[in-house]
Every structure is written in C-alpha cells, then in structure tokens.
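Report on the structure
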Amino acid sequence: MGWLRDLFTGQSGRAVPPLPFAWPPEGRLASTAQPDGATSRLPAPYEAVAARLAELEEADNVAYPRLTSNRQRRSRDKAYLDRIVRGEEPLKGYLRRVVEIRFIGHRLNEEGGKPLMRQVVERAGELSRDRSTRRTIEADWDRIGDWRG
C-alpha cells in the first residue's frame, strides 16, 4: 500500500507523470468519520481513496454538461485519458478530474485487481451524495485491467 502514500508525488520508484494531484486526498469528503460513530468500511488508505473518488466524480458530473461536445468526447476517450496518465499527452485542465479518477483506477488495479476496485467503487458510492457516482466511476474505469464498465 506504499503507493497510496506516494500516489501523486512520484516517490514510488516508477515513472509517474507529473500530474498536479494532491495526496493524501483533501476536501470535504476526505474526512471519513461516520456520523453515528461507526468505523470505516475500508482500511484507512482505501477509505481516503474512496472519499476522493466520490468528491471527484460529483464535481465532474456537475462540470461535464458545461463542456463543448468535443471536450465531452475527449473526456470519455479512454485511450486518450490513458495516454495522459502515462505522461504521453499533456494534462488539460478540463480533464483533470477524470484523469485523476482513471489514474486511481489503474493504481487500484495494480494493487488488488478487480476485487479491490469493486470494494473502493462501492464505498465511493456510499460516501457520495450523488446517486450516479458509483455507476459513473464504473464507466470511467472501463478497460482498466479486467474492469468492464
């Protein structure tokens, strides 16, 4: 799980593209305290990842309709997004959220494959106020490892 700590800092020893993502996740969902005092459903690092995914997806769902049709197509082009994740294409600001979502999907796949991805996406859906979050993340992760969204 060391990659979670180093996810966006480039300290993992692998070639990590210089993506400007904050890690550990920050924002309103980054706190995983439960209102009824219940414990988190995932180990702390993965709980933070699920919270970050929920936050990113909610924001992307708001921003997507405002994009031009060309930008909407680009934001759903998995091959193009993966080239950005690998550092082969520059990161454009309007793609920041969906590229981070995809990047996290690749890293979860490396760490634990489809079973881990499933656990994290289910938790993100639980944490989100937007009912479509789970389904949208599933679509965003299409063709990562064995994942089919």
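This one's a predicted model, so the numbers in the text were calculated from it and none came from an experiment.

In this structure, L53, I104, L108, V120 and W141 are the most contacted members of the largest nonpolar core, which totals 19 residues. Of all the secondary-structure elements, those providing two or more residues to this core are α2 (44-63) and α5 (96-127). With 8 residues, the single largest contributor to this core is α5. Residues L67, L81, L95 and V98 belong to the second largest nonpolar core, which totals 10 residues.

Counted by the stated rule, this structure contains 1 aromatic pair. A centroid spacing of 5.5 Å and a plane angle of 80° characterise the contact between W141 and W147, whose relative ring orientation is edge-to-face. When sorted by exposure, W141 lands in the same class as W147, which is buried. A cation over a ring is seen here: R74 above Y80, with NZ or CZ 3.8 Å from the ring centre.

Moving on to the confidence of the model for the protein. Predicted confidence across the protein gives a mean pLDDT of 80, with 73% of residues reaching 70 or more. Of all the helices and strands in the protein, helix α1 (residues 2-6) carries the lowest mean pLDDT, 48, while helix α3 (residues 69-75) carries the highest, 97. Segment residues 7-20: pLDDT under 50, and 32 contacts once partners within four positions in sequence are set aside and those in other chains are kept. Low pLDDT (under 50) marks residues 22-39, which in the prediction has 29 contacts with non-local residues, meaning those over four places away or in another chain.

What counts and what doesn't
- Residues numbered from 1 in each chain as written.
- Predicted model: local features only at pLDDT ≥ 70, side-chain atom pairs only at ≥ 80, totals over all residues.
- Heavy atoms only, no water.
- Core = buried A, V, L, I, M, F, W, Y, C linked by side-chain atoms within 4.5 Å.
- Buried < 20%, exposed > 50% of the residue type's maximum accessible area, 1.4 Å probe, protein only.
- Helix = DSSP H or I, 4+ residues; strand = E, 2+ residues; numbered from the N terminus.
- Phe/Tyr/Trp six-rings, centres within 6.5 Å; stacked < 30°, edge-to-face > 60°.
- Lys NZ or Arg CZ within 6 Å of the ring centre and 35° of its normal.
- pLDDT = per-residue confidence, 0-100.
- Contact = heavy atoms within 4.5 Å.

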